[in-house]
Each structure stands twice: as C-alpha cells, then as structure tokens.
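# Close look at the chain arrangement
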Amino acid sequence: MITRLQPPDWAEPRGYANGILARGALLFVGGQIGWNAQQRFESDDFVAQTRQALQNIGAVLKAGGAGPEHMVRMTWYIVDRVEYNARLKDIGAVYREVMGRNFPAMTCVQVAALVETQAKVEIEVTAVLPA
C-alpha cells in the first residue's frame, strides 16, 4: 500500500515524489554502483554506470520479492553535479527503461568521492512490500 504525497498547492514534481506513505515490510537496498555482478566496471560513462546501478537495484529488489513499484525512497550520490545536470535527459530515459514510471521520494547529493574510485554514481533505495 503506497500513496504518493503531494501538497495541493505545490507544483507537480518531475521524476520523483515529494513524499510517500507506505505500510508493509521494509526492504533496504545498500548503495549500488555501476559495476556488474562480478564487481567490474564495463564503462566509465556516467549514464552507462547509472543504468548498471539501477539494474543492480532491480536485482536486489527481485531477490527480496519486490520490484521498482515498491520503491519509496531513493538517494543518489554523484561525484559531478555538472555532468549529472548536463545528462539529465539521458539519465531520465535510462531510469524509465530500467525502473519504469515508478518515482519514489528522491534525493541527489554531490559528494567529493565514492569508495570505488571508478564509480561516478551510487544509489540506495528503500522499498516497502505490502504486508
């Protein structure tokens, strides 16, 4: 049971929710980066790494009996906000390709670096499965 929260006098957000109300079992996906299942980077491209990180999230969700429709919160950690903003259209297309039109409450933060030096993005998710 997931309900998007949108104050009536606020402009509609694009690509995320301002808030989510959910009831059920919590599933936490640790930060996923743009490497494959063997922990190898196949690309240094920001969008390609984003696609892989989102696919990794999908795999963890599936392992827990969930899917993108169960996501309620997503936090992005990026190393370059200029590149992120310049590639937003491509990032949005990849997001919809992998996650569909499931838009949880989101935060995006630029960080000085990620633990894996080749990583350009790390994304963590909280999901709620119906009880």
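The rules behind the values
Residues numbered from 1 in each chain as written. Predicted model: local features only at pLDDT ≥ 70, side-chain atom pairs only at ≥ 80, totals over all residues. Heavy atoms only, no water. Salt bridge = Lys/Arg side-chain N within 4 Å of Asp/Glu carboxyl O. Buried < 20%, exposed > 50% of the residue type's maximum accessible area, 1.4 Å probe, protein only. Helix = DSSP H or I, 4+ residues; strand = E, 2+ residues; numbered from the N terminus. Axes fitted to C-alpha atoms, helices over the stretch in contact; angles between N-to-C directions. Parallel < 35°, antiparallel > 145°, perpendicular 65-115°, else oblique. Left-handed = near helix turned anticlockwise from the far one by under 90°. Contact = heavy atoms within 4.5 Å. Nonpolar A, V, L, I, M, F, W, Y, C, P; charged D, E, K, R; others polar.

Once that is clear, we can look at the pattern of salt bridges. With the rule as written, the count across this model stands at five salt bridges. Across the pair R87 and E83 runs a salt bridge, and its minimum N-O distance is 4.0 Å. Ionic pairing is found between R87 and D90, a salt bridge with its closest N-O pair at 3.6 Å. Using a relative accessible area of 21% as the deciding quantity, one classes R87 as partly exposed. When its relative accessible area of 38% is taken as the criterion, D90 is described as partly exposed. Salt bridges sharing partners connect three or more residues here, namely D45, E83, R87 and D90.

The subject of this paragraph is unusual backbone geometry. In terms of backbone geometry, most residues other than glycine have negative phi values and most peptide bonds are trans. The phi angle at Q39 is positive, at roughly 60°, despite the residue not being glycine. Looking at the secondary structure, you find Q39 in the loop between strand 3 (25–33) and helix 1 (46–63).

Look at helix 1 against helix 3 (residues 88–99): their axes get within 10 Å of each other, and the N-to-C directions meet at 25°. By the angle between their directions, the pair helix 1 and helix 3 is classed as roughly parallel. Handedness of the helix 1/helix 3 crossing: right-handed. Of the residues in helix 3, those touching helix 1 at F46, V47, T50, R51, L54, Q55, I57 and G58 are D90, I91, V94, Y95, E97, V98 and M99. Its residues placed into classes, the contact of helix 1 with helix 3 shows nine nonpolar, three polar and three charged.

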